[in-house]
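What follows is the residue order along each chain.
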Amino acid sequence: MIIDSHAHLNDERLMPKASEIVAGFKANNIESCIIAGFDYKSSKLGVELAEKYNQWALIGTHPEEIEEINDLILNKYKELAKNKRVVGIGEIGLDYYYEENPPREKQIEAFERQIVMADEVGLPIALHVRDAYGDTLDILQNMHAHLNNGILLHCYSSSQEMVDRFLKFDCYFALGGAITFKNAKKEDVIKKIPIDHLLVETDCPYLTPHPHRGETNEPKFINLTIDKIASVLDIDRQEIIDITNKNTKRLFKKII
């Protein structure tokens, strides 16, 4: 069955129907989802939802929200990380897309502090990277001593050349609904990612796959991403499901 490696059931659009969404997992061949935090409040809520619905959680502060990062918040994250439902630190990283985002130097500082925190609690990191792949590589190189538990590039959107550069850090790559968009042109990237380092995700409620663009994304639509990968790689969809399930559990070791 499929594991959605990045879902925001803690988003206000999905939370009111979280029970209904999870109840539909079996019918949609979904084993579970990982509920990703984007600040401390959403991370805490994600853990609560994971406990309530027998799912999993990522905790961390998104680069757009890093003004909240201080010693107190990092210590609160360390406490949350003790929960058996918390499988990683994320989504953390860099986002240079919007000019109004926090200054790059502040983003880098918060990113590095959360990498250290992840190492301290012994959990892998799930990265949000937008228009910042070069700086991300530099940070991973500089912080190499703290990268002891695995790295996931959530919603990977860069080039096949960048795949090789991130593989030097043994990174995993998660693909979502964006690869189904008519203008995506990501076939070369899909083929470039080693299949034993491939995960799938929805990033719901965002990035709804074709032909449901315009609708609110939900975990059930992950099947469309599976279909696209299977088509590009010319591999049976069940094999893609089995491999990505195994990869997700290899990276997020607390998932059983």
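Up top you'll find the structure we're talking about.
In this text the structure is predicted, and so the values were computed from the model without any measurement. (Residues numbered from 1 in each chain as written. Predicted model: local features only at pLDDT ≥ 70, side-chain atom pairs only at ≥ 80, totals over all residues. Heavy atoms only, no water.)

Visitor: Before we go on, may I ask you to explain the sheet that holds strand β4 (residues 86–95) in this structure?
Guide: Strand pairing within a sheet occurs via backbone hydrogen bonds; the two strands may be parallel or antiparallel. Read across the sheet, eight strands follow the order β1-β2-β3-β4-β5-β6-β7-β8 without closing on themselves; strand pairing throughout is parallel. Either end of the sheet is taken by a strand with one partner, and the two such strands are β1 (2–7) and β8 (198–200). In this sheet, adjacent strand axes meet at a mean angle of 25° when their direction is disregarded. As paired elements, strand β2 (residues 30–36) and strand β3 (residues 56–59) share three bridges and run parallel to each other. Across the sheet, the residue bridging to isoleucine 35 is alanine 57, located in β3. (Pairing = 2+ DSSP bridges. Helix = DSSP H or I, 4+ residues; strand = E, 2+ residues; numbered from the N terminus. Axes fitted to C-alpha atoms, helices over the stretch in contact; angles between N-to-C directions.)

Visitor: Mind showing me how you'd approach the pattern of salt bridges here?
Guide: A pair can form between side chains of opposite charge whenever their charged atoms are brought close. Following the criterion strictly, the structure yields ten salt bridges and no others. Across the pair arginine 13 and aspartate 11 runs a salt bridge whose closest N-O atoms are separated by 3.1 Å. Classification of aspartate 11 by relative accessible area gives buried; the value is 7%. Put simply, lysine 249 and glutamate 31 hold a salt bridge, and the shortest N to O gap is 3.1 Å. Note that lysine 249 is positioned in helix α9 (residues 237–251) and glutamate 31 in strand β2, a separation of 218 residues in sequence. (Salt bridge = Lys/Arg side-chain N within 4 Å of Asp/Glu carboxyl O. Buried < 20%, exposed > 50% of the residue type's maximum accessible area, 1.4 Å probe, protein only.)

All quantities given are derived from atomic positions and should not be read as evidence of function.
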